[in-house]
Amino acid sequence: MVIQEGMSIQRKLEILSMAARYDVACTSSGVDRKGNNTGIGNSLACGICHTFSADGRCISLLKILFTNECIFDCKYCINRSSNDIVRASFTPREVCELTMEFYRRNYIEGLFLSSGIKISPNHTMEQIYETLRMLRDEYNFNGYIHCKIIPGTDPVLVEAIGWYADRLSCNLELPTAESLKKLAPHKNRKNILKPMRQIQLRRDRHNEYLGIDDAARNRLLTDSRINIDETDGPVAANIIVPFGRTLPAKKRFAPAGQSTQLIIGATEESDYQIMTVSEALYKNFGLKRVFYSAFVNVNQDESLPSTLDGPPLLREHRLYQADWLLRFYGFKTDELLDNNKPNFNLLLDPKCDWALRHLELFPVEVNKADYQTLLRVPGIGVNSARRIIAARKHAVLDFNDLKKMGIVLKRAIYFITCNGRMMYPIKIDEDFITRQLLASNERMPFGIDKDITYRQLSLFDDVNFQPDMHDQIKILSQA
Amino acid sequence: MNTKKIFQCKNSMDGIFTAIYEAWSSGYGHDNVMIEELCEKNDYSNMQLFSEYITVNTDMEKALKVSRSIKQKISEEAFEIVCRVALSDYRQKGDLIYRFLILGFRSGRDIVNHISNDVVNQMLKINRNVGNEVHHFLGFLRFSQLENNILFSVIHPKNNIISLLAPHFADRLPQEKFIIFDGGRNICALHLPGRPWIISDIPEANPDMVYKLKNYDNYKDLWKIFFENIAIKERINLKLQRNNLPLRYRKDMTEFQS
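Residues numbered from 1 in each chain as written. Chains lettered and ligands numbered in written order. Predicted model: local features only at pLDDT ≥ 70, side-chain atom pairs only at ≥ 80, totals over all residues. Heavy atoms only, no water.

Undergrad: Help me out: how do you make sense of the pairing of strand β6 (residues 178-182) of chain B in this one?
TA: Working note: regular strand, side chains alternate between the two faces of the sheet. Residues and elements named next belong to chain B. Across the five residues that make up β6, a large majority, four, are buried. Direction of pairing for strand β5 (residues 151-155) relative to β6: parallel, over a ladder of five bridges. Of the residues in β6, the one forming a bridge with Ile155 is Asp182. Read as a crossover between parallel neighbours, the route from β5 over helix α6 (residues 162-172) to β6 is right-handed. Of the strand pairs in this sheet, β6 and strand β7 (residues 187-191) are connected by five bridges, and their pairing is antiparallel. For Ile179, the partnering residue across the bridge sits in β7 and is Leu190. Taking the residues that link successive antiparallel strands as the turn, the β6-β7 hairpin has four residues, and the phi of Asn186 there is positive, at about 55°. (Buried < 20%, exposed > 50% of the residue type's maximum accessible area, 1.4 Å probe, protein only. Helix = DSSP H or I, 4+ residues; strand = E, 2+ residues; numbered from the N terminus. Pairing = 2+ DSSP bridges. Right-handed = clockwise from strand over helix to strand, strands pointing away.)

Below, the structure is given as structure tokens:
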């Protein structure tokens with residue numbers, strides 16, 4: 001391990017931002033807070049993107065590691081202890097100065113502080129706690145702070161940090177406990193779920209005390225029966241640590257809630273398994289967001305899949321789409337996938353795919369259907385469904401109106417009627433509609449589309465592809 | 001032949017509101033009047049034949065009456081929409097607002113839901129467009145620190161939005177002296193600690209003058225270092241970047257300046 005003494009702040013920032021880039025969560029959303037007129041900073045619930053990096057991802061927060069020294073040896077991680085890379089650590093004051101000066105110049109919306117594990121989880125989290133305390137109490141910083149909780153951190157520290165941060169996150173990393181054991185031998189499922197539970201209970205308890213109903217948004221997901229697999233024993237149901245200080249009445253514990261991250265494509269779990277875990281996290285742990293990160297084999301580790309052809313971006317995209325369906329469209333994982341069909345269709349988005357398998361429910365009459373039904377129509381999103389409901393109070397809508405309201409007609413026309421008529425005489429036939437939908441190119445994040453038409457279709461990227469199929473094709477091509 | 005009466009006004013919220021007041025109370029009838037605001041940059045107007053031009057002098061009292069009746073007879077929400085449209089760079093926004101108000105005074109607060117009406121739809125579209133630009137600039141605006149600790153920012157927005165940006169930054173940076181300068185329109189928003197922000201015209205302003213004042217700001221380099229290193233090399237996607245952050249914003253952004 002290379003440790004340099006007296007490193008410049010430029011060099012440290014270079015190393016520790018590069019080390020932090022694989023963490024995908026960079027949102028500043030979830031909390032509305034006015035400026036306090038004395039310090040600096042406020043926060044908007046919608047979040048603000050300050051710039052976009054060359055990979056097209058939003059930069060909202062100063063995303064850095066406190067240190068990239070690490071005693072853990074997780075196979076997927078660039079900072080694992082067995083890697084021979086330059087190591088660096090910030091001091092709490094350096095992080096505060098950077099955050100304040102960047103914030104004043106409107107470069108960032110706040111701080112995202114994560115870290116490698118130096119000496120022990122508690123040692124590292126103490127430093128992070130000190131940073132957050134300084135930033136809030138000494139520098140009077142009132143902007144957004146997202147703080148990572150390292151598995152194995154003492155609950156007392158989690159409690160203390162939660163009063164300073166807006167959002168906390170413990171990364172689940174891998175969907176199953178076995179994969180975690182295999183790839184991250186120093187972590188275990190229980191140590192990750194424990195702080196999650198603690199944060200959830202703490203927030204619930206305090207919100208109840210303040211009379212805030214924060215669960216409203218996740219109510220869509222309530223009657224799910226899925227339980228997260230707790231192989232390492234159930235997570236203690238009651239771990240709230242009393243905080244020694246009296247708090248200002250309005251103060252909230254992690255007001256923007258908690259999130260987590262899953263690595264996609266490093267292990268063999270199906271989309272069905274991943275979505276089941278996500279659904280359980282939303283439902284049982286009250287998470288605000290689950291982030292999916294297409295696996296990049298940064299260490300060229302032989303035991304992990306190669307990503308020389310690029311990370312599985314399309315798969316990641318499909319998972320995000322499905323995630324949205326769970327959180328805003330009232331879908332359940334079991335409706336989208338099952339054991340016979342464990343992975344998403346790479347060619348069609350999850351909602352179209354679902355609609356094609358349920359043609360008996362269509363067409364839907366736009367002037368009559370309720371909100372939930374409208375939401376299930378491909379081409380109609382949350383905004384357009386709301387607009388339809390508002391507009392049809394005053395006028396009977398026709399296709400022209402729908403177009404004006406931003407409904408994606410090239411997808412919707414197969415599934416809707418206006419005044420009992422379809423736009424064109426269309427045969428409600430699965431094959432026919434599938435062909436039409438495939439022909440009208442789906443709009444995808446730029447760059448993904450360019451690659452997928454040819455490359456993602458290639459057999460090696462498709463998770464449904466089995467090695468023995470590979471052989472069959474070889475035989476076929478030789479014949 | 002019935003000649004059209006065209007009420008010509010200054011391109012400002014008060015100017016447009018005054019013209020609406022004049023046109024409405026003129027008694028010519030809604031179909032026979034038109035409102036035309038002078039073009040933002042050079043006061044150029046594309047004159048029409050067979051019509052009579054009436055120059056409207058901005059009158060704060062009349063403008064205030066109009067804004068008061070919008071708030072009372074339609075809604076606060078409608079008033080906000082009208083304001084944003086009045087600040088947009090849409091040609092003939094004055095007349096569009098006039099048509100919108102005819103409908104609005106008839107149907108009240110519900111007017112914003114008449115999405116299938118073309119006038120309302122157009123208003124909402126412009127409103128969204130201005131709102132989006134404001135939201136973009138909340139993030140894309142960059143301050144640089146001058147020698148005297150003043151934070152200075154130059155932007156070139158399409159719509160006239162600094163009056164919509166200033167409240168956000170005044171709330172966020174209450175202890176700072178800052179200037180947001182609209183380079184295309186030569187107007188700026190000024191803020192001093194403990195005082196309300198103001199908008200000021202500076203016709204002779206030259207942003208280059210201010211650039212010369214600036215001493216070397218170490219944090220610019222640090223920001224560039226961060227910006228370079230945070231991108232995942234395996235996922236480089238310049239098209240996606242360009243879609244999310246169009247080129248027109250970049251010339252005023254620290255991380256894209258060499």
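Having seen the structure, we can now continue with the description.
Undergrad: Help me out: how do you make sense of the interface of chain A and chain B in this one?
TA: For interface size, the figure often reported is the accessible area lost on association. Tallying the contact residues gives 64 residues for chain A and 56 residues for chain B. At the boundary of chain A with chain B, total buried surface from both sides reaches about 5500 Å², with 57% on carbon and sulfur atoms. Linking Asp217(B) and Arg105(A) is a salt bridge whose minimum nitrogen-to-oxygen distance equals 2.8 Å. Across the contact surface, chain A and chain B share 30 residue pairs in polar contact (both at pLDDT 80 or more). Only α1 (9-18), β2 (51-52), β4 (61-65), α2 (92-104), α8 (313-328), α12 (382-391) and α13 (399-404) of chain A provide two or more residues apiece to the side of chain A that touches chain B. Of the residues in the side of chain A that touches chain B, the class split is 32 nonpolar, 16 polar and 16 charged. (Contact = heavy atoms within 4.5 Å. Buried area = accessible area lost by both parts, 1.4 Å probe. Salt bridge = Lys/Arg side-chain N within 4 Å of Asp/Glu carboxyl O. Polar contact = N/O pair within 3.5 Å; in protein donor to acceptor, adjacent residues only side chain to side chain. Nonpolar A, V, L, I, M, F, W, Y, C, P; charged D, E, K, R; others polar.)

Undergrad: Honestly, the packing of α1(A) against helix α8 (residues 218-230) of chain B in this entry has me stumped. Any pointers?
TA: The N-to-C vectors of α1(A) and α8(B) enclose an angle of 25°; their axes lie 8 Å apart at closest approach. Here α1(A) is positioned roughly parallel relative to α8(B), judged by the angle of their axes. Relative to α8(B), α1(A) is oriented so that their crossing is right-handed. Packed against α1(A), whose contacting residues are Ile9(A), Gln10(A), Leu13(A), Glu14(A), Ser17(A) and Met18(A), the element α8(B) presents Asn218(B), Leu222(B), Ile225(B), Phe226(B), Asn229(B) and Ile230(B) at the interface. (Axes fitted to C-alpha atoms, helices over the stretch in contact; angles between N-to-C directions. Parallel < 35°, antiparallel > 145°, perpendicular 65-115°, else oblique. Left-handed = near helix turned anticlockwise from the far one by under 90°.)

Undergrad: For this particular structure, what's the right way to read the sheet that holds strand β1 (residues 4-9) of chain B?
TA: The strands making up a sheet are joined through hydrogen bonds of the backbone, oriented either antiparallel or parallel. Residue and element names in this part refer to chain B. Overall, parallel pairing links the three strands, which are arranged β2-β1-β3 in an open sheet. Among the strands making up the open sheet, the edge pair consists of β2 (33-37) and β3 (51-55). Along the sheet, successive strands turn relative to each other by an average axial angle of 25°, direction set aside.

Undergrad: Got a minute to help me understand the sheet that holds strand β6 (residues 110-114) of chain A in this structure?
TA: All names here are of chain A. Judged by pairing direction, the sheet is parallel, and its six strands sit side by side in the order β4-β6-β7-β8-β9-β10 without closing on themselves. With one partner strand each, in any of the chains shown, β4 and β10 (289-294) form the two edges of the open sheet. Adjacent strand axes in the sheet meet at a mean angle of 20° when their direction is disregarded. Here five bridges tie β4 to β6, and the two strands are oriented parallel to one another. Looking at β6, one finds that Lys63 is bridged to Phe112.

Undergrad: Explanation requested: helix α15 (residues 430-439) of chain A in the structure shown.
TA: Each α-helix winds once per 3.6 residues, and so residues spaced three or four apart point in a common direction. Residues and elements named next belong to chain A. Turning to α15, its buried residues are Ile433, Thr434 and Leu437. The buried residues of α15 occupy an angular sector of 105° when projected down its axis, which confines them to one face. Exposed residues pointing more than 90 degrees away from the buried face of α15 are listed as Asp431, Arg435 and Ala439. In this structure, the buried side of α15 is in contact with α10 (350-357) and α14 (409-412). (Arc of directions from axis to C-beta.)

Undergrad: Any chance you could explain empty space enclosed by the protein here in plain terms?
TA: Unoccupied space between atoms shows up once a probe the size of one water molecule is rolled over them. Residue and element names in this part refer to chain A. This structure, assessed with the given rule, holds six cavities of 30 Å³ or more. Together, 34 residues line the largest cavity, and Asp23, Tyr76, Cys77, Asn171 and Glu173 are the ones closest to its centre. Across the lining of the largest cavity, the residue classes tally to 21 nonpolar, seven polar and six charged. (1 Å grid on protein atoms, 1.4 Å probe; cavity = no way out; pocket = protein on both sides within 12 Å on 5 of 7 lines; lining within 4 Å. Points joined across faces, edges and corners; volume = space filled by probe spheres on them.)

Undergrad: Just to check I follow, could you spell out α10(A) for this structure?
TA: Residues and elements named next belong to chain A. Among the eight residues of α10, seven are classified as buried, and the element is accordingly described as predominantly covered. Within α10, the full set of buried residues consists of Pro350, Lys351, Cys352, Asp353, Trp354, Ala355 and Leu356. For α10, the capping residue at the N-terminal end is Asp349, with a side-chain oxygen 3.0 Å from the backbone nitrogen of Lys351.

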